[in-house]
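Structural characterization, general
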Amino acid sequence: SHPAPGEPMEIITAVRGFKDILPGETERWQFVEETARKIFSDFGFKEIRVPVLEKTELFRRSIGETTDIVEKEMYTFEDRGGESLTLRPEATASVMRAFLEHSLHGGDSVSKLFTFGPMFRRERPQKGRYRQFHQINVELLGSADPLVDAEVIHMLMLFLERVHLKNVSLEINSLGCPGCRPAFRKVLGQFLSQKEKDLCEDCRRRLGTNPLRVFDCKVEGCRAAVSSAPLLIDYICAGCAGHFREVQEGLKVLETGFSLNPRMVRGLDYYTKTTFEVTTKALGAQNAVAGGGRYDRLVKDLGGPEVPGIGFAAGVERLISLLPEGMEGVSRSPDLYVAALGPEAKKIAFRLCNGIRRQGFLAETDYSGRSLKSQMKRSDRLGAGYTLLIGENEIREGKALLRNMKDGSQGSIGLEGAEAQLLSLLKAR
Ligand code: ATP
Ligand code: MG
């Protein structure tokens, strides 16, 4: 609504659960992203970028109809053409879609892909939980080898180590395959139906269709109910058990510590065999930093050929909140600050600064026309290496005053050829 005449207009704020990432924080983001890029590239992964908006059907089919994400967390809307679209709640489905749409399986037998970007889930916003959050995603397609599972998990742990994350623990589990899971689902369904009254409404509804979901429920009654439930790991087939054993052996060879968590099922239905999660004690309730698993049926379920895959997602906000103090990136300070007063000096500053920037140095100036004194103060506040002072006197004499901000020493340099002289000074710094 419009304010009455003369009343100030109210500012428009961001949407609840959507967060700005400001200068001062973005340095940390860049550090995390650059570290990821370097490590993933060492392991042969290449970047892929996919849209944030997809047809709703893609997520319904891949993530699973009875998951929390699909049942209650998706930002789904009809666009003006009447098509149902969804802001992606996770990246794997989109990467699989792109993989199929561009026949990436046609080339090399193995595709190693990573992507960064925002995800959207309509959850209750709180510390470590937002409605737009960011993930670093890794997907490896085309290999069913358990050593690949170990390698991908190892790469994740190496990444977390390189961003100096401390006190994290890795838990792994096996969710079996379409061969062995249905038998267990039956056993679990029977067990849980005796505890039906203790379960939350969601879990009661899912009992008949997807009782495994109860393991992922955070409601106290449900947690208590599954604490004595039969475990999938005791029911998996010989093939899945062998695979899981080899994953563990691979992790041991790579000296990646882990523990077994037979109750971990993860929030997405597409996982088969190996699943894993990295948690930390430092985050309180929102303790999951990263999670992932194998998804050998997903590509086929999305209409493609039989291509096994494995991947993970790391939550960037949670990761960044865990970076040790002092890890916050140092934001770049000007190499040179040109304090200029008067129209003539302003012109010189304009030319000089842009010339110096073209050579790869950070030069800053001020077109506000405020006093040299206050410009000097600003230069100091910005942490500039040098300040060049050009006032009316300097213009008259054809010289400017150059101050080394570190030791306070100063001298004068000719305005003629100042750029070359400054550049050689900056290069020597
Ligand atoms: P949680 O159990 O905390 O809800 P999740 O199992 O739903 O996590 P995944 O779907 O596995 O999370 O996503 C991978 C990572 O993304 C998580 O480990 C977490 O770090 C991060 N993440 C998930 N949801 C959010 C959110 N709403 N806000 C911030 N980060 C999130
Ligand atoms: Mg969740």
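All chains use their own residue numbering, which begins from 1 and follows the written sequence. Chains carry letters from A onward and ligands carry numbers from 1 onward, assigned in written order. With pLDDT at 70 or above as the cut-off, local features in this predicted model cover only qualifying residues; side-chain atom pairs require 80 or more to be listed or tallied, and sums for whole chains, interfaces and linings still use all residues. Calculated side-chain values reflect all of the structure's heavy atoms, with hydrogen atoms and water omitted.

With respect to the sheet that holds strand β12 (residues 336-340)
- If you trace the five strands from one edge of the open sheet to the other, you get β13-β12-β14-β15-β16, paired in mixed fashion. Among the strands making up the open sheet, the edge pair consists of β13 (363-365) and β16 (410-414). Across the sheet, the mean angle separating the axes of adjacent strands is 25° when strand polarity is ignored.
- When strand β15 (residues 399-404) meets β16, the two strands line up antiparallel, connected through five bridges. Residue pairing across strands places K399 opposite G414, the latter belonging to β16.
- Contacts were defined at the residue level, with two residues in contact if any of their heavy atoms lie within 4.5 Å. Between the N-to-C directions of two axes lies an angle of 0 to 180 degrees, each axis being a line fitted to C-alpha atoms and, for a helix, fitted only over the stretch in contact. What counts as a helix is a DSSP run of H or I of at least four residues, what counts as a strand is a run of E of at least two, and both are numbered from the N terminus. Strands in contact with helix α12 (residues 343-358) are β12, β13 and β14 (386-390); relative to β13, the strand with the most contacts, it is inclined by about 160°.
- Contacts from helix α13 (residues 372-382) reach β12, β13, β14 and β15, with the element oriented near 170° to β12. By this definition, two strands are paired if DSSP reports at least two bridges between them.

Remarks on the layout of surface pockets
- Grid spacing is 1 Å over the protein atoms alone, the probe is 1.4 Å, and a cavity is where that probe fits but cannot get out, while a pocket is an open set with protein on both sides within 12 Å along at least five of seven lines and lining residues have an atom within 4 Å of a point. Grid points are joined across faces, edges and corners, and a volume is the space filled by probe spheres set on the points. In this model, the second largest pocket occupies a volume close to 450 Å³.
- Considering the residues around the second largest pocket, the lining is formed by 23 residues, among which R181, R185, D269, Y270 and Y271 are closest to the centre.
- Mapped by element, the contributors of at least two residues to the lining of the second largest pocket are α2 (56-63), α6 (181-193) and α10 (298-301).
- The dominant element in the lining of the second largest pocket, judged by the number of residues it contributes, is α6, at three residues.
- When grouped by side-chain class, the residues that make up the lining of the second largest pocket number nine nonpolar, six polar and eight charged. Ten residue types, Ala, Val, Leu, Ile, Met, Phe, Trp, Tyr, Cys and Pro, are classed as nonpolar, four, Asp, Glu, Lys and Arg, as charged, and the remainder, Gly among them, as polar.

A look at helix α15 (residues 418-428)
- Residues of α15 that are buried: A418, L422, L423 and L426. Down the axis of α15, the smallest arc covering the buried residues is 125°, so these residues share one side. Exposed residues on α15 whose side chains face more than 90 degrees from its buried face are A420, K427 and A428.
- In the core, the buried residues of α15 are packed alongside β12, α12, β14, β15 and β16. Partly exposed describes any residue whose relative accessible area lies between the buried limit of under 20% and the exposed limit of over 50%, with all areas from a 1.4 Å probe on protein chains only and scaled to the type maximum. What the arc measures is the spread of directions leading from the helix axis to the C-beta atoms.

Focus: the packing of aromatic side chains
- For Phe, Tyr and Trp, where Trp contributes only its six-membered ring, two rings pair if their centres lie within 6.5 Å, and the inter-plane angle classes them as stacked under 30 degrees, edge-to-face over 60, or tilted in between. All told, the structure shown has 10 aromatic pairs when counted by the stated rule.
- Pairwise contacts between aromatic rings join F40, F114, F116, F159 and F312 into one cluster.
- Only lysine NZ and arginine CZ atoms are considered, and such an atom sits over a ring when it is within 6 Å of the ring centre and within 35 degrees of the ring normal. Here K19 stacks its cationic end above the ring of Y130, 5.1 Å away from the centre of that ring.

Here's the deal with the pattern of salt bridges
- Salt bridge, as used here: a side-chain nitrogen of Lys or Arg that lies within 4 Å of a carboxyl oxygen of Asp or Glu. The tally for this structure, following the rule as stated, stands at 26 salt bridges.
- When the shortest N-O distance is used, the salt bridge between R97 and E54 registers 2.6 Å. Placement of the pair is R97 in helix α4 (residues 92-101) and E54 in strand β2 (residues 53-55), with a sequence separation of 43 residues.
- Overall, the relative accessible area of 6% leaves E54 in the buried class.
- One salt bridge in this structure joins R213 and D269, with 3.0 Å as the shortest N-O distance.

Focus: the site of ligand 1
- Neighbouring ligand 1 are 15 residues; R121, E123, K218, R266 and A288 lie closest to it.
- A distance of 2.9 Å separates an oxygen atom of ligand 1 from a polar atom in the side chain of R129.
- Listing elements by their share of the shell around ligand 1, those giving two or more residues are β6 (132-141), β10 (288-294) and β11 (309-315).
- Per-element tally for the shell around ligand 1: the top contributor is β10, with three residues. By convention in this text, a residue qualifies as near a molecule or strand provided that one of its non-hydrogen atoms is within 4 Å of it. Pairs of N or O atoms are called polar contacts if they sit within 3.5 Å, as long as, within protein, a hydrogen donor faces a hydrogen acceptor (for residues adjacent in sequence, only side-chain-to-side-chain pairs).

What to know about the packing of helix α1 (residues 26-42) against helix α5 (residues 146-162)
- The contact between α1 and α5 brings their axes to 10 Å, and the two run at 140°. The angle between α1 and α5 places the two elements in the oblique class. Between α1 and α5 lies a crossing of right-handed hand. Residues F31, V32, T35, A36, I39 and F40 of α1 touch α5, and the partners they reach there are M155, L158, F159 and R162. Any angle that falls under 35 degrees is termed roughly parallel, while one over 145 is termed roughly antiparallel, one within 65 to 115 roughly perpendicular, and all others oblique. Helix crossings fall into two classes, left-handed where the near helix is turned counterclockwise from the far one by less than a right angle and right-handed where it is turned clockwise.

Points about the environment of T279
- Within the secondary structure layout, T279 lies in strand β9 (residues 272-280).
- Considering only alpha carbons, one finds T279 and L170, 109 residues apart in sequence, at a separation of 6.7 Å.
- Ignoring any residue separated from it by four or fewer positions in sequence, one finds T279 in contact with N167, V168, S169, N287, A288 and V289.

Any functional reading would require information beyond the geometric quantities listed.
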